[in-house]
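A closer look at the structure
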Amino acid sequence: MSPRERLAGKMEFPPETQQPNVYPLSWESKTRKMEEIWAAAQRENWDPAKLNWDTFDVEKYSWEEREAIAYWWSILSVFDASAPPVFAAALIKTYEAHEEDPVRRCFFSVTRDEQNHEQMCGLAITKLLGSTSYLTHEPKSALGEKAQKNVKWLYYNGARYWEGYKRAVPKYSLAVLFSSFLMGEIAAATIFHQMAAGCKEPVFQEAFRNIGRDEGRHMAICMSLMERDYPHLKDEDKAIITKQIRAGYLFLSGVLFEPPEEFWDIPSDFIANQRACDEVARKAGFGIPTYDQKKENWQGAMLNLKGVLDKYGTKFPAIPEVGITGEEITDVEMEDIIPVF
Ligand SMILES: [Fe+2]
Ligand SMILES: [Fe+2]
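All of these numbers come straight from a predicted model, not from anything done at the bench.

Positionally, E5 belongs in the segment before α1 (32-43). We classify E5 as exposed; its relative accessible area is 52%. Spatially, the C-alpha atoms of E5 and I266 are 57 Å apart, while their sequence positions differ by 261 residues.

The next point concerns the coordination of the iron ion (ligand 2). Binding of the iron ion (ligand 2) to the protein goes through E114 (OE), E185 (OE), E215 (OE) and H218 (ND1), at separations of 2.1 to 2.4 Å. Here the iron ion (ligand 2) is ringed by four donor atoms whose angles at the metal span 70 to 166°, and the overall shape comes out irregular. Of note, the iron ion (ligand 2) draws all its donor residues from one chain, in the sequence arrangement E-x70-E-x29-E-x2-H. According to the relative accessible area criterion, E215 is buried, its value standing at 0%.

Quick look at the layout of surface pockets now. In this structure, the largest pocket encloses a volume near 410 Å³. S74, S77, V78, A81 and Y155 are, among the 21 residues lining the largest pocket, the residues nearest its centre. Looking at the lining of the largest pocket, the elements with two or more residues in it are α2 (63-80), α4 (101-129) and α5 (142-158). When its residues are assigned to classes, the lining of the largest pocket shows 13 nonpolar, seven polar and one charged.

Attention now goes to the coordination of the iron ion (ligand 1). Looking at the metal site, the iron ion (ligand 1) is ligated by E114 (OE), H117 (ND1) and E215 (OE), spaced 2.2 to 2.3 Å from it. On the primary sequence, the residues serving as donors to the iron ion (ligand 1) are separated as E-x2-H-x97-E. In this structure, the iron ion (ligand 1) lies 3.7 Å from the iron ion (ligand 2), and both are coordinated by E114. Here E114 and its partner H117 are both found in helix α4, three residues apart, which amounts to about one turn of the helix.

Okay, the packing of aromatic side chains next. Under the definition given, this model contains 22 aromatic pairs. Here the aromatic residues W53, F56, Y61, W72, W73, F192, F204, F208 and F286 are joined through ring pairs into a cluster of three or more. Between the NZ or CZ atom of R104 and the centre of the ring of Y95, over which it lies, the distance is 5.1 Å.

What counts and how
Residues numbered from 1 in each chain as written. Chains lettered and ligands numbered in written order. Predicted model: local features only at pLDDT ≥ 70, side-chain atom pairs only at ≥ 80, totals over all residues. Heavy atoms only, no water. Helix = DSSP H or I, 4+ residues; strand = E, 2+ residues; numbered from the N terminus. Buried < 20%, exposed > 50% of the residue type's maximum accessible area, 1.4 Å probe, protein only. Donors = N, O, S within 2.8 Å, 3.2 Å for Na, K, Ca; no water. Tetrahedral: all angles 85-135°; square planar, octahedral: opposite > 155°, others 65-115°. 1 Å grid on protein atoms, 1.4 Å probe; cavity = no way out; pocket = protein on both sides within 12 Å on 5 of 7 lines; lining within 4 Å. Points joined across faces, edges and corners; volume = space filled by probe spheres on them. Nonpolar A, V, L, I, M, F, W, Y, C, P; charged D, E, K, R; others polar. Phe/Tyr/Trp six-rings, centres within 6.5 Å; stacked < 30°, edge-to-face > 60°. Lys NZ or Arg CZ within 6 Å of the ring centre and 35° of its normal.

What follows is the structure in structure tokens.
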């Protein structure tokens, strides 16, 4: 490669900067709602390490209970530990696309929030298990052993989408990406409010209230971007969105409902083990919704999303698992996922 030609001696002004350039040199602000959400994010920022951990006495739980509750946090972390890199990539995209300034800031805030959620998972798991990961933890009860096997399978499955995601980010417009983000956020906002209401442990209540509030903001970000962009959506994008919704449903069912075997590569005792953990955690005062509550929550979230997409003439996929009819989508692979939580 020859050294770059020096131009400054030859012309008064530099040539046009080639686009796309990763950073815009402007701070345009058109979407008012985004400014409000950013301001709320600044006000509501919290630190998982500063929650009231002093009130948390892990010794009052049996090992079986500790391992059951840590299992739930581990399911969550399969999603929340992958959210920081997922949103960091989306943040870079907002810069490459020269998005408005408040949109860039909002994506920055989501990345930070998800980092907090991941830290919260880590703190809870470390305190409950007395070790830094379920994967390397030495199970102390028969249930803990089953839970660990499940965690290994969740981890294996969750790791399968990243390469696909990296390919999807440059390929799709932000508008397409939002649709996948939105469904995760709608569902998450509901489940964390339920968890906050159902948990007896003060430090977990506090965490769930904070996480639920964060997810509510994430949902609002997606909604206002959809309001801005969806009226101009191209037909080919609409078809991709329909498929992404089905893919997102299958993927997120892993945490919000039960992972469907047609999509999640899991052993036949997985669901039974998970239900056993849920049961023990629930009895110990850790408010995981019951099967029916999860189903109702998930169905509600899907109907909400359907309402949004209907408004913009985008077809909704069939989700027979929760009784929603629509466009039949059959060929969904882990590699197709634009995952978010
Ligand atoms: Fe999150
Ligand atoms: Fe989120």
